[in-house]
Structures are given as structure tokens and as C-alpha cells.
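Observations on the three-dimensional arrangement
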Amino acid sequence: MLTTHHFHRVPSELVYLSLDPATERESYEMTAVDFHLGGYRFVPGVFQYSAGVAALAGYGMRRVQFHRPVPLDEGFVRIESIIKEAGRPLTAFCACELRSPGQFSEDAFKNFNERYVETLSRWGIFDGSTNPVARSNVCPEIGGPLEPSLHAFTFTVAHSEPRLSFVIAGSGECPEGLGSYRDNIVRLGELSENALLEKALFVLSEMERRLNAFGAGWADVTATQVYTVHNIYTFLASEIVGRGAAPAGVTWHFDRPPVVNLEYEMDCRGVFEEVIT
């Protein structure tokens, strides 16, 4: 049986003019939703993940990275144990970072996501339509796992930390929730220097939109991650470092985004407690 939650919507800090800077779409206002059972709020996304999470007052976030990726089912068992040992409810699970063997077709990605949310439903997090958990899911080009696996996860802990803790979910160069990826990917199938730059600019803009929804910015970020097998050096200085998007440097993973035809993904976070297990 799925658990019904009472989510409370609050206005975001900003109104954004366009979902995709490459097109002319109507403006819209992002909203943040309080998930009190977990001690965090989130920006709604698609059914498989939210666009980002931030700790509520009185809570911080703890990120746990596995020494090596752990197969999904085993990983969830280990996560359940770690969260319970910390004295927190399973609803404190707020973000995860996945590694997959290769890019999914759109149908295969949908099937995987339906399997993935089963655990979130069992833990009382996913109510059948709204998923507050942020996520990144990428595919190492070399030496990847043999099956979808967990690389890291984040959960809330009771904390007096005055600084905002948050995790911004991964985004590729495609607005979400508009139908098929293929129909909406920025510069579909193009890999020129200019096309890759445009893809990166879309993703950077999306990171900023999500950060702004929590009243945060690049100066609040403690880790910036890029996932692509293509050369980022041509715009690293001008578009990533130059706009302040790398206050703690950039971690470049030689990985692909999860869905075929996506070429560039980023995520970022502001987390002050991290461990490797």
C-alpha cells in the first residue's frame, strides 16, 4: 500500500523566464515542497526523481559514498542499515547517485525507473505520483558496473548547522517532463564544439534555476560534478569556472548521461558532512 503524504508548497525565490534558453516557452514559477517526514524540501520533477532537495531548519545532510558501486538491491539494503543505525527514519533518504552499465533506451529507462521507485514506495517516500528524492544516474564509459548500482546517497540528520545543505539532481541537455527525450534534446546528434557548448549552457542554466529555487547560488556549492565523454576544456574556463560554478573545483567523470542521445550532464551539492564506506 502506498503512503499518502501531505506536501506543503511554498513560493520559490525567483520566477524564471524560460525552461529552455534555446526556445521561447512561457515563463513559470518554480515551487519548493516541504517533506516533513524526511526533514527536507524539494523541487518537484518527474516521477522518478525531484529536481533537488534542501534540508529543513534543524536538519543537515550526510552524504555516504560507497568505496565501489554496489548493485542496486544490495545497495538499498546497506542504505537501510546505515540510515537506521544513524537513528533516522527511512524517509530521511533524500538523494542518490547511480551508476549504470550503459545508456538506456527511453522504454528501458522507464522500466528501470518503475523498478527503482518500488523501494521508495516501501520506505514511505514515494506516494505513487510525487517523488521527493533527488537523483543522478550516469554510465561510466570505461570500467562501469555490470548492473545498475549505487555510488552514493544522502540523507538528513538532526543538525544545528546554520548553512543550507542541499543536493541538486543531475540534468542532461534536455528539459524534463515534456515527452520523449529525443524530441527535446538540445542540438540532438550534434557534437561540434559549438553544439557541446550550447548543451553545457543549457545544463548550467538548469543548475542555476534549481539552486535559485532554494535561495542558493554557486557560492554555496561544495561540489560540482560534470559527466561527459566529450572535451570540456574549450568552455571550462569561460563558462564553468568563469561564472562561479566551480567554487570547490570540478570533478569530471568520464561517464555518459543515462539515456541514449544525451551527451552532457551535471549535478552539484552543498553538503558539509561526507563519508566513504
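Our structure's up above, just so we're on the same page.
Read on for a plain summary of the structure. Throughout, residues of each chain are indexed from 1 in the direction in which the sequence is written. Local features in this predicted model are restricted to residues of pLDDT 70 or higher, and side-chain atom pairs are both shown and tallied only at a pLDDT of 80 or more, whereas totals for entire chains, interfaces and linings draw on every residue. As a rule here, side-chain values come from all non-hydrogen atoms in the structure, and water together with hydrogens is ignored.

Okay, a nonpolar patch on the surface next. A residue counts toward a patch only above 30% relative accessible area and without a salt bridge, and it is joined to like-charged neighbours within 9 Å or, for Val, Leu, Ile, Met, Phe, Trp and Tyr, to nonpolar neighbours within 5 Å. For accessible areas, the Shrake-Rupley method is used with a probe of radius 1.4 Å. Any residue's cover is judged against the shown protein chains and nothing else. Each reported salt bridge corresponds to a side-chain nitrogen of Lys or Arg within 4 Å of a carboxyl oxygen of Asp or Glu. A cluster of nonpolar residues, Ile142, Trp252 and Phe254, forms a patch on the protein surface that exposes about 340 Å² of accessible area. Secondary structure elements follow DSSP: runs of H or I no shorter than four residues count as helices, runs of E no shorter than two count as strands, and numbering proceeds from the N terminus. Within the element layout of this structure, Ile142 appears in the loop between strand 7 (134-140) and strand 8 (149-158).

The next point concerns the environment of Phe93. As for its position among the elements, Phe93 is in strand 6 (residues 93-99). Residues Phe93 and Gly38, spaced 55 residues apart in sequence, show a C-alpha to C-alpha distance of 7.0 Å. Sequence-distant contacts of Phe93, defined by excluding residues within four places in its chain, comprise Tyr40, Phe76, Ile79, Ile83, Tyr116, Leu120, Trp123, Ile125, Val133, Phe153, Thr154 and Phe155. Note on contacts: a residue pair qualifies if any of its non-hydrogen atoms lie within 4.5 Å across the two residues.

What follows concerns the environment of Asp183. For Asp183, the location among the structural elements is in the loop between strand 9 (166-172) and helix 3 (193-213). For this analysis, a polar contact is any N or O atom pair within 3.5 Å, provided that within protein one partner can donate a hydrogen and the other can accept it, and provided that sequence-adjacent residues contribute only side-chain to side-chain pairs. Of the polar contacts made by the side chain of Asp183, one reaches the side chain of Ser180; its length is 2.9 Å.

So, on to the nonpolar core. The set of buried Ala, Val, Leu, Ile, Met, Phe, Trp, Tyr and Cys residues whose side-chain atoms join them within 4.5 Å is what this entry labels a nonpolar core. Classification of residues uses two cut-offs on accessible area relative to the type maximum, computed with a 1.4 Å probe and protein chains only: under 20% is buried, over 50% is exposed, and between them is partly exposed. Grouped together as the largest cluster of nonpolar side chains are 46 residues, with contacts concentrated most on Val53, Ile79, Phe93, Tyr116 and Phe153. With residues up to four places along the chain from it excluded, the contact list for Ile79 reads Phe66, Phe93, Trp123, Leu150 and Phe153. Within the second largest apolar cluster, 27 residues are counted, among which are Met30, Ala51, Ile168 and Val226.

We now examine unusual backbone geometry. Residue Arg187 is not a glycine yet carries a positive backbone phi of 50°. Mapped onto the elements, Arg187 comes out in the loop between strand 9 and helix 3. Even without being a glycine, Asn261 presents a positive backbone phi close to 90°. With respect to the element layout, Asn261 can be found in the loop between strand 12 (255-256) and strand 13 (265-270).

This part takes up the pairing of strand 9. Burial analysis of strand 9 places seven of its seven residues in the buried class, which makes it a mostly covered element. Here, strands pair whenever DSSP counts at least two bridges between them. Sheet topology note: the strand 4 (residues 52-55)/strand 9 ladder contains three bridges and is antiparallel. Counterpart to Gly52 in the pairing with strand 9 is Ile168. Here five bridges tie strand 9 to strand 13, and the two strands are oriented antiparallel to one another.

So far we have only geometry, and geometry alone does not tell us how the molecule works.
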